[in-house]
Amino acid sequence: MSKVYNFSAGPSVFPKSVLETAQQELLDWQGSGMSVMEMSHRGKHFSIIAEALESDLRSLMAVPDNYKVLFLQGGASAQFSFIPQNILKGKTKACYVNTGAWSEKAINDAKTYCEVMVSASSENTHFTSIPEESTWLIDEQAAYLHFTSNETIHGVEFSKCPDGKGLPLVADMSSNILSRKIDVNQYGLIYAGTQKNMGPAGVTVVIVRDDLIGHGVSKTLPAVFDYAEQAQHQSMLNTPATYNWYLVGLILKWLKAQGGVEVIERLNIAKAEKLYQAIDRSSLYSNPVDPICRSRMNVPFILADQALDKQFLTLAEANGLFQLKGHRSFGGMRASIYNAMPESGVQALIDFMTEFERTH
Ligand SMILES: Cc1ncc(COP(=O)(O)O)c(C=O)c1O
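Every value quoted in this text rests on a predicted model; they were computed, and no experiment measured them.

Some points on the domain arrangement of the chain
What the domain assignment reports for the chain is domain 1 (17-258) and domain 2 (259-359). Spacing between the C-alpha centres of domain 1 and domain 2 amounts to 27 Å. Each partner contributes to the interface: domain 1 provides 25 residues, whereas domain 2 provides 27 residues. Together domain 1 and domain 2 conceal approximately 2,200 Å² of surface at their shared face, both sides included; 56% is due to carbon and sulfur atoms. At the boundary of domain 1 and domain 2, one finds one salt bridge. The residue K181 makes a salt bridge to E262 at a minimum N-O spacing of 4.0 Å. Scanning the region where domain 1 abuts domain 2 turns up 15 residue pairs in polar contact (both at pLDDT 80 or more). Elements with a minimum of two residues in the side of domain 1 that touches domain 2: β7 (156-157) and α6 (242-258). Here the element with the most residues in the side of domain 1 that touches domain 2 is α6; it accounts for five residues. Residues of the side of domain 1 that touches domain 2, tallied by class, amount to eight nonpolar, twelve polar and five charged.

Here it is, written out as structure tokens:
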């Protein structure tokens, strides 16, 4: 079987051992005589999978007891609308930091439900930086402060949790959840689609502090996206994406076996440093992002001569390096190096880039 290094931004690479476990268990999950796909979500077998899923995520992220952990559908994009509909708590305004394409989408969707105050924006640097926190404008009457902890397209990542100045912090962690240690206590709400660091597409994790929910929701909100309702029903108010829950659960078990978030964070730092160093010492490749907020997960780079892009991609594929084309809004290349990308994949990419530069 041929196996390539897959640098896709999402859906993205899985650990091989997880795919093998899923394959082994496909027809008969642990002697149940059934595939997980066939199980009732209310049955005793699936209950074991669902309980382990939540408890493993709680332990990996050290989620305190006063937070609910929800597994929903609709992707992170749906949360752009569901967040204001759930947690405005009668307020009419929310603050948003704009650091790139995903922040912009969150801002645009929130505008339907509340007044949006853009507290800070790095649009003037073409989203290659994060505005200095001391310059952020925060309205203390706002319900929350939203930011995107890792901008998947622009390759910009917060290196620490910002100060909400009294507002509950809401973070879109779709592309860096479980890649670095965080203190959940610093957040009001964390959300993430699973298709980058946590498994396949189709599940959205929402971790929300108890005091933010249960204070009334927008009349337009379907019950299946009411956080308090879903929390009361263990995210099973409707039929959950059962097989995807199972796969996310396998990824969490894999991460625990690696030593947890602290261990994977050290590997992520090493992988990212290696790749950025290779880019910085080359005269063909460059990354425009301010070094203090370069993403450890998504590394965009451009070639000095764009006429070489096509050849770079074709040769990369011939060398087993896939999905390196940059986002259409950014151009150039992007290497997504999530938790499951082995260091050997990053080294193979660097070796290829070095050889391509030497021969072009
Ligand atoms: C940071 C970020 N937020 C939100 C999304 C949207 O996620 P979904 O496609 O699951 O709605 C993405 C998708 O790539 C993302 O990278």
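There's more to say after this.
Remarks on the sheet that holds strand β4 (residues 115-121)
If you walk across this open sheet you meet the seven strands as β2-β10-β9-β8-β5-β3-β4, and the pairing is mixed. Sheet topology places β2 (67-72) and β4 at the edges, where each strand pairs with a single neighbour. Taking each pair of neighbouring strands and ignoring which way they run, the sheet shows an average axis angle of 20 degrees. As defined by bridge partners, strand β5 (residues 145-148) adjoins strand β8 (residues 169-172) across four bridges and the pair is classed as parallel. In the sheet register, H146 faces β8, and the bridge partner there is V170. Packed onto the sheet, helix α3 (residues 75-87) meets β2, β3 (93-98), β8, β9 (189-193) and β10 (204-209) and runs at close to 155 degrees relative to β9. Set on the sheet, helix α4 (residues 101-110) makes contact with β3, β4, β5, β8 and β9; between it and β3 the angle comes to about 160 degrees.

Considering the environment of T359
When you line up the elements, T359 lands in helix α9 (residues 343-359). With relative accessibility at 45%, the residue T359 sits in the partly exposed group. It is 54 Å that separates the C-alpha atoms of T359 and F46, two residues lying 313 residues apart in sequence. A polar side-chain atom of T359 sits 3.1 Å from a polar atom in the side chain of H360.

How each quantity is defined
- Residues numbered from 1 in each chain as written.
- Predicted model: local features only at pLDDT ≥ 70, side-chain atom pairs only at ≥ 80, totals over all residues.
- Heavy atoms only, no water.
- Domains from an automatic or database assignment.
- Contact = heavy atoms within 4.5 Å.
- Buried area = accessible area lost by both parts, 1.4 Å probe.
- Salt bridge = Lys/Arg side-chain N within 4 Å of Asp/Glu carboxyl O.
- Polar contact = N/O pair within 3.5 Å; in protein donor to acceptor, adjacent residues only side chain to side chain.
- Helix = DSSP H or I, 4+ residues; strand = E, 2+ residues; numbered from the N terminus.
- Nonpolar A, V, L, I, M, F, W, Y, C, P; charged D, E, K, R; others polar.
- Pairing = 2+ DSSP bridges.
- Axes fitted to C-alpha atoms, helices over the stretch in contact; angles between N-to-C directions.
- Buried < 20%, exposed > 50% of the residue type's maximum accessible area, 1.4 Å probe, protein only.

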